Amino acid sequence: MSGTNQRTWQQYRVGHLWVTVQLDPAADRRSLEGQRELATIARRLITLMDGHGVPTTWAVSDPAHSAATALILRSAVDHELAILGDTYWVGPTAGRTRFARELARRVSQARTAGLKVTTLVPRVAAIDRHIDLIVKQQISAICAASGLQACRSPLLPRALHYGVWELPVTAALPVQSSWLFQGGWSTWRRIRRAAREPGAFHLLIDVPTITQEGCGAEKTIGWLMRRVAELRDRGLLHIETLGRASTRLASVPARSPQHSILRRAA
């Protein structure tokens, strides 16, 4: 991020929280029974976020055909639908042609269905090498979970090209633990710190992992969202989707003009 963007970011004297939820399992881990359990948990999580008024980025493999889409659209909360990228078309061995085809298909079908889709949530490492294809599909926000385990400090959003922002994940839930709150307390302390300093915090929730961890994981998330909502109500924390964040960040003027990075897909 340039010095100009750095200074502008620090002018926001309130903490910022982004919550991203991965609703679908990886392509090679799907089963009919598993899909039913995921759908049940997804409904409960959507109800939870609605109840606390927490705008959330819901990442699904195909927004135009996801069973969760209708529930999310009926919400009075300003949620966002995002594309969840599997390794078979986003991974390093997938190639540019497959990435271009699969991204274009998902974006086109979503927008034909009247859905506004501007965020990509890849399961794999950074996808900077495909940035021109992302720009072409008018994606403005990318969730970045790579390096999550290696870095405990909050990372600032990173400007890529042409209004595309990469928003690094700060922490993920659930985590494997025998304790009731399964990482919730440490996550809460870090969010509270982001509100106090103030700073930014990006929480990633993985629904397929919740099915493995049991009801304790859901209780942890519910406990955390209640406290997050309290900070928001006290005016100490601003909660927004990744799409909203990228729109706000893109309003910062760039220090120097950006050059074309467009290349052929094949």
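In what follows, the accompanying structure is described. A quick note: this is a predicted structure, and the numbers were derived from the prediction, not measured.

## As for the packing of helix α7 (residues 184-196) against helix α9 (residues 215-233)
Right, on to step 1. Direction vectors running N to C along α7 and α9 enclose 15°, while the axes themselves pass 10 Å from each other. Comparing the axis directions of α7 and α9 gives the class roughly parallel. For the pair α7 and α9, the sense of crossing is right-handed. Every residue of α9 that contacts α7 at Gly 184, Trp 185, Thr 187, Trp 188, Ile 191, Arg 192 and Ala 195 is listed here: Thr 220, Trp 223, Leu 224, Arg 227, Val 228 and Leu 231.
Right, on to step 2. The residue inventory of the contact of α7 with α9, partitioned by class, reads eight nonpolar, three polar and two charged.

## Some details on the nonpolar core
Right, on to step 1. Grouped together as the largest cluster of nonpolar side chains are 58 residues, with contacts concentrated most on Leu 23, Leu 45, Phe 99, Ile 134, Ile 205, Leu 224 and Met 225.
Right, on to step 2. Setting aside its immediate chain neighbours within four residues, Ile 134 contacts Phe 99, Leu 103, Leu 120, Ile 127, Ile 139, Ile 142 and Val 164.
Right, on to step 3. If you look at the next biggest cluster of nonpolar residues, it comprises 15 residues, including Ala 82, Leu 84, Val 169 and Ala 245.

## Remarks on unusual backbone geometry
Right, on to step 1. Going from Leu 173 to Pro 174, the amide bond is cis rather than trans, its omega being -5°.
Right, on to step 2. Here Pro 174 is to be found in the loop between β8 (171-173) and α7.

## Remarks on the environment of Glu 240
Right, on to step 1. Mapping Glu 240 onto the fold places it in the loop between β10 (237-239) and α10 (242-250).
Right, on to step 2. In this structure, the C-alpha to C-alpha distance between Glu 240 and Thr 57, residues 183 residues apart in sequence, is 8.5 Å.
Right, on to step 3. Polar side-chain contacts of Glu 240 include one of 3.1 Å to the side chain of Trp 18.

## A word on the pattern of salt bridges
Right, on to step 1. Across all of its chains, the model carries 13 salt bridges by this definition.
Right, on to step 2. The shortest N-O distance in the salt bridge between Arg 193 and Glu 197 comes to 2.7 Å.
Right, on to step 3. Under the relative-accessibility criterion, Glu 197 is labelled partly exposed at 46%.
Right, on to step 4. Notably, a salt bridge pairs Arg 248 with Glu 240, separated by 2.3 Å at the nearest N-O pair. Each member of the pair, Arg 248 as well as Glu 240, is classed as buried.
Right, on to step 5. By sharing partners, the salt bridges in this structure join Asp 62, Arg 101, Glu 102, Arg 105 and Arg 106 into a single network.

## Some words on the environment of Thr 47
Right, on to step 1. Assignment of secondary structure puts Thr 47 in helix α2 (residues 32-52).
Right, on to step 2. Separated by 25 residues in sequence, Thr 47 and Ile 72 have C-alpha atoms that sit 9.4 Å apart.

## Notes on the packing of aromatic side chains
Right, on to step 1. Summed over the entire model, instances satisfying the criterion amount to two aromatic pairs.
Right, on to step 2. Relative to Phe 99, the ring of Trp 89 lies with its centre 5.7 Å away and its plane at 35°, an arrangement referred to as tilted. Of the two residues, Trp 89 is situated in helix α4 (residues 87-90) and Phe 99 in helix α5 (residues 96-112); the sequence distance between them amounts to ten residues.
Right, on to step 3. Using a relative accessible area of 0% as the deciding quantity, one classes Trp 89 as buried.
Right, on to step 4. Consider the rings of Trp 185 and Trp 223, whose centres lie 5.9 Å apart with planes at 45°: the pair is tilted. Pair noted here: Trp 185 is in helix α7 and Trp 223 is in helix α9, with a separation of 38 residues, a long-range link.
Right, on to step 5. Given a relative accessible area of 8%, Trp 223 falls into the buried group.

## Here we look at the pairing of strand β2 (residues 57-60)
Right, on to step 1. Neither face of β2 is open: one carries Thr 57 and Ala 59, the other Trp 58 and Val 60, and all of them are buried.
Right, on to step 2. Sheet topology places strand β1 (residues 15-22) next to β2; three bridges connect them, and they run parallel. Bridge pairing links Gln 22 to Ala 59 in β2.
Right, on to step 3. As paired elements, β2 and strand β3 (residues 80-85) share four bridges and run parallel to each other. Its bridge partner being in β3, Ala 59 is matched across the sheet by Ala 82.
Right, on to step 4. Handedness of the crossover is the feature at issue here: the chain leaves β2, passes through helix α3 (residues 68-74), returns alongside β3, and the resulting connection is right-handed.

Basis of the calculations
Residues numbered from 1 in each chain as written. Predicted model: local features only at pLDDT ≥ 70, side-chain atom pairs only at ≥ 80, totals over all residues. Heavy atoms only, no water. Axes fitted to C-alpha atoms, helices over the stretch in contact; angles between N-to-C directions. Helix = DSSP H or I, 4+ residues; strand = E, 2+ residues; numbered from the N terminus. Parallel < 35°, antiparallel > 145°, perpendicular 65-115°, else oblique. Left-handed = near helix turned anticlockwise from the far one by under 90°. Contact = heavy atoms within 4.5 Å. Nonpolar A, V, L, I, M, F, W, Y, C, P; charged D, E, K, R; others polar. Core = buried A, V, L, I, M, F, W, Y, C linked by side-chain atoms within 4.5 Å. Buried < 20%, exposed > 50% of the residue type's maximum accessible area, 1.4 Å probe, protein only. Polar contact = N/O pair within 3.5 Å; in protein donor to acceptor, adjacent residues only side chain to side chain. Salt bridge = Lys/Arg side-chain N within 4 Å of Asp/Glu carboxyl O. Phe/Tyr/Trp six-rings, centres within 6.5 Å; stacked < 30°, edge-to-face > 60°. Pairing = 2+ DSSP bridges. Right-handed = clockwise from strand over helix to strand, strands pointing away.

This is a description of form; function is not addressed.
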